[in-house]
Amino acid sequence: MTDTPTVEELAEQLRNAPEAPAPDDHGDGAPPPPPPDPGAADRGGRPRGEIWDGCPVRPLGVRGKHAYYLDVLGQMRAIDNHNAQNIQSLFGHQIPKLVFNFPQWKKDDDGGFIRQKNRFDQTTASMAMHAAASECGVFNPDNAVRGVGAWADEDGQLVYHLGDAVLIEGQLHDPGRHGRHIYPAQPTIPHPERKPTSPDPTPEILATLETWNWTNKDIHPFIALGMIATQMLCGALDWRPVFWLLAPAGAGKSEFQKLVKLLHGDDGLVQTTDATKSGITSKLGQSSLPVAVDELEPGDERSTKERDIIALARVAASGGEWFRGSADQTGVGGKVYSAFLFSSILIPGVMKTQDVQRLIRLELKPLEAGTAKLSLEPRTWRARGARLKQLLIDRWATWPERLAAWRHALEIANVTGRDADNWGTVLAMADMALSDEIMAPDAMESWAKKIAFVAEAGRDDVMNDAEAMLLHLLGQPLDIYRRGELFSVAQWIMAAAELPGAPTGIGPAGDDAMDKRERAKVANSKLEKAGLRVYGRHETAQLFIANKQIHGLLELFKNSDYAGGVWAQSAGRVPGAERAPAKRLAGIATRGWLLPLTAIPGLFAFPADKPATGSQGAPRPATDLDDFA
């Protein structure tokens, strides 16, 4: 162990010390003078939040036992042990600066002290690093760090992180802290082509997209162009639609995926044919790269793979957070800002209403016989993608006005809500890819009318939670056999309300009025055991659904989104629903909701041979339970 030098000996050595290395070399030159810092003396001359003045390793803060830094290459690193090896790995090729600022001393032959070559004082360095990181405060990488891809800053300006550089307002900057966020160095993604003389790639891209055999040739190529543009800037957008390409065998789906991949370039797109949610989030990290998942077909009904991936796409649409458990029970997660493209022959049946509302569907038909195969020369299409990316970056300043104009045109055509979010974004992006100027109002009006027709056709696939709850309930078989037949809840309700088309096998045979009343009493006695009850007859009838978790209702909603009593929340959203006072069902007192049968889809879709209205008798007011006793 070396002896500790005295103050006088240190002063003598410092007077004869070598010059500090320059910022960009390995030992020659002198550092710039430090700025005035009133508290520097208390920190041994070290600026607050820095390891030393001008240090190439920059502290970011602490979280738990980890201290976070941007290393000498600009990468974000989390260190929980400031041993010599970890410190050296942070400084990399700038280790000579580390050695200079934290020297180790040894006695020379004359009794004085000299620096040890290629040695640094690990204890002093780690203390300074811990202190500097602590001075930066608690650090949350989930909210502060932005990986590669497009982003918007606090003022709405576009920031494009390219991995080895950050493009801000047309200027390239080194990775690091810019504004409130940190853009750490990462593997490089394809750069936009910045040559002003390069030809416009959009006409060639659109013409190629038109060569596929789309089910809607007037709309889908333009929407596909808007999808590609949306993918390129997805992290900077407030809303990212989910795209789904449906294509049977022989429709050219693989070639379409190849074209998309080439336009984004290597490492510019997360593309996979066998993905899981955890695999996608691990690949994305904190980036905003687009995601393309091919062959996401309906899987085993016990599998959650497709459901989890679709749920991740739903979160990404609005830039939400995802979470999952971790081995240390602390949980891991992050925000996802990617635009998702799925492609398959069929759409899995695990999509919920909120998933369908975020969906833009593109559909291909098989290619016509004799269609020539596309010549997708990689170099050409990568270059076109790079030029398209640059065009979109150059035109970003028009985005707010452009999006507002398209939203207005869609609203006039009665395309609102989530439909307007989806179509407004993709149409505005296609418009921005095509021209510096915003599309003329009359052309927008024409497009909005086309989209209104498509959106209206797609609404059949979308239902609110109340409709979905009722659809699930009505289709469930009620576990009571009558004459060897198992009837659905809807059929028992129809019999209890004496609706035309009700099955006669539920109760006593016969068509006279008394038989119908008897059949209604039988039906209600069975419905009561399931937590349901019909009051009244015909068009004025109401269905009572209990709030209490009666066994029969629990079984009817088992393994659904409405299990465990959730059905009561959806029941209250049915049009015309009324809160009902406590009723007694099969000896159980419970409150619930009264729903008009006219608000329940399907019950009044009578068969073609239904009796005339007059044969039903005059409707009578809703009756109480005792009326059927």
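Just so you know, these numbers come straight off a predicted model, no measurement behind them.

Thresholds, definitions, all that
- Residues numbered from 1 in each chain as written.
- Predicted model: local features only at pLDDT ≥ 70, side-chain atom pairs only at ≥ 80, totals over all residues.
- Heavy atoms only, no water.
- Helix = DSSP H or I, 4+ residues; strand = E, 2+ residues; numbered from the N terminus.
- Buried < 20%, exposed > 50% of the residue type's maximum accessible area, 1.4 Å probe, protein only.
- Contact = heavy atoms within 4.5 Å.
- Areas by Shrake-Rupley, 256 points an atom, 1.4 Å probe, with all protein chains shown as cover.
- Core = buried A, V, L, I, M, F, W, Y, C linked by side-chain atoms within 4.5 Å.
- Pairing = 2+ DSSP bridges.
- Axes fitted to C-alpha atoms, helices over the stretch in contact; angles between N-to-C directions.
- pLDDT = per-residue confidence, 0-100.
- Expected span 1.5 Å × (residues − 1).
- Lys, Arg positive; Asp, Glu negative; His and termini not counted.
- Salt bridge = Lys/Arg side-chain N within 4 Å of Asp/Glu carboxyl O.
- Polar contact = N/O pair within 3.5 Å; in protein donor to acceptor, adjacent residues only side chain to side chain.

Asks: Let's hear about the overall build of the protein chain: which residues, and what values?
Replies: Helices and strands together make up the secondary structure of the protein chain, namely 20 helices and 24 strands. Every one of the 629 residues in the protein chain was classed for burial, and the buried ones make up 47%. Expressed as a percentage of contacts within the protein chain between residues at least 6 apart in sequence, the contacts between residues at least 24 apart total 65%. Surface summary for the protein chain: the accessible area is close to 30,500 Å², and the carbon and sulfur share equals 50%.

Asks: How would you summarise the nonpolar core if you had to cite specific residues and measurements?
Replies: By size, the foremost hydrophobic cluster in this structure holds 85 residues, and its most contacted members are Leu 233, Phe 256, Phe 340, Trp 423 and Leu 427. Leave out the neighbours within four places in its chain, and Phe 340 touches Pro 241, Val 242, Phe 243, Ile 280, Val 291, Leu 312, Ala 313 and Ala 316. Formed by 47 residues, the second largest nonpolar core is a distinct cluster that contains Ala 495, Leu 532, Ala 546 and Val 574.

Asks: Tell me about the sheet that holds strand E7 (residues 158-161), and please be specific about residues and values.
Replies: Consider a sheet: its strands pair through backbone hydrogen bonds, and that pairing is either parallel or antiparallel. Strand order in the open sheet formed by four strands is E6-E7-E8-E9, and the pairing between neighbours is antiparallel. At either margin of the open sheet sits one strand with a lone partner, and together these are strand E6 (149-152) and strand E9 (171-173). Taken pair by pair, the neighbouring strands of this sheet meet at an average axis angle of 25 degrees, ignoring direction. The pairing of E6 with E7 spans four bridges and is classified as antiparallel. Looking across to E7, one finds that Trp 151 is bridged to Val 159.

Asks: I'd like a description of the confidence of the model for the protein chain, backed by residues and values.
Replies: One rule of thumb: low pLDDT means the predicted coordinates there are not for detailed reading. Here the protein chain averages 83 in pLDDT, while 81% of its residues score no lower than 70. Of all secondary-structure elements in the protein chain, the lowest mean pLDDT belongs to strand E15 (residues 321-324), at 60, while helix H7 (residues 220-232) reaches the highest, 97. Predicted confidence for residues 23-31 stays below pLDDT 50, and this span has 22 contacts to residues more than four positions away or in other chains. For residues 606-629, every residue scores under 50 in pLDDT, and the model assigns this stretch 42 contacts once sequence neighbours within four places are set aside.

Asks: With reference to specific residues and values, describe the environment of Phe 222.
Replies: Mapped onto the secondary structure, Phe 222 falls in helix H7. Taking relative accessible area as the criterion, Phe 222 reaches 7% and is therefore assigned buried. Measuring from C-alpha to C-alpha, the distance between Phe 222 and Leu 434 comes to 9.9 Å, with 212 residues separating the pair along the chain.

Asks: Describe helix H8 (residues 253-264), listing the residues and the values that go with them.
Replies: With 12 residues, H8 should cover 16 Å at 1.5 Å per step; its first-to-last C-alpha distance of 17 Å lies within 8% of that length. Three or more residues of H8 are buried, namely Lys 253, Phe 256, Gln 257, Leu 259, Val 260, Leu 262, Leu 263 and His 264. Where H8 ends, the next residue or the one after it, Gly 265, has phi of about 80 degrees, a positive value.

Asks: So, the sheet that holds strand E2 (residues 66-70): which residues are in play, and what are the values?
Replies: Strands sit in the order E1-E2-E3 across an open sheet of three strands; the sheet is antiparallel. Pairing within the sheet leaves two strands with one partner each, and these edge strands are strand E1 (58-63) and strand E3 (76-79). Across the sheet, the mean angle from the axis of one strand to that of its neighbour is 25 degrees, orientation sign disregarded. The pairing of E1 with E2 spans five bridges and is antiparallel. If you follow Val 62 over to E2, its bridge partner there is Ala 67. Strands in contact with helix H4 (residues 122-135) are E1 and E2; relative to E1, the strand with the most contacts, it is inclined by about 75 degrees.

Asks: Break down the side chain of Arg 387 for me, citing the residues and quoting the values.
Replies: Tracing the backbone shows Arg 387 in helix H12 (residues 378-394). Here Arg 387 sits buried without a salt bridge, and the closest side chain of opposite charge, Glu 193, lies 4.0 Å off (N-O distance). The residues touching Arg 387, leaving out its near neighbours within four places in the chain, are Glu 193, Ser 198, Pro 199 and Pro 201.

Asks: Before we move on, can you summarise the side chain of Arg 395 with the specific residues and values?
Replies: With respect to the element layout, Arg 395 can be found in the loop between H12 and helix H13 (399-412). For Arg 395, a relative accessible area of 7% gives the class buried. Within the local environment of Arg 395, its side chain forms a polar contact with the backbone oxygen of Met 432, the two atoms lying 2.8 Å apart. The residues touching Arg 395, leaving out its near neighbours within four places in the chain, are Met 432, Ala 433, Leu 434, Ser 435 and Asp 436.

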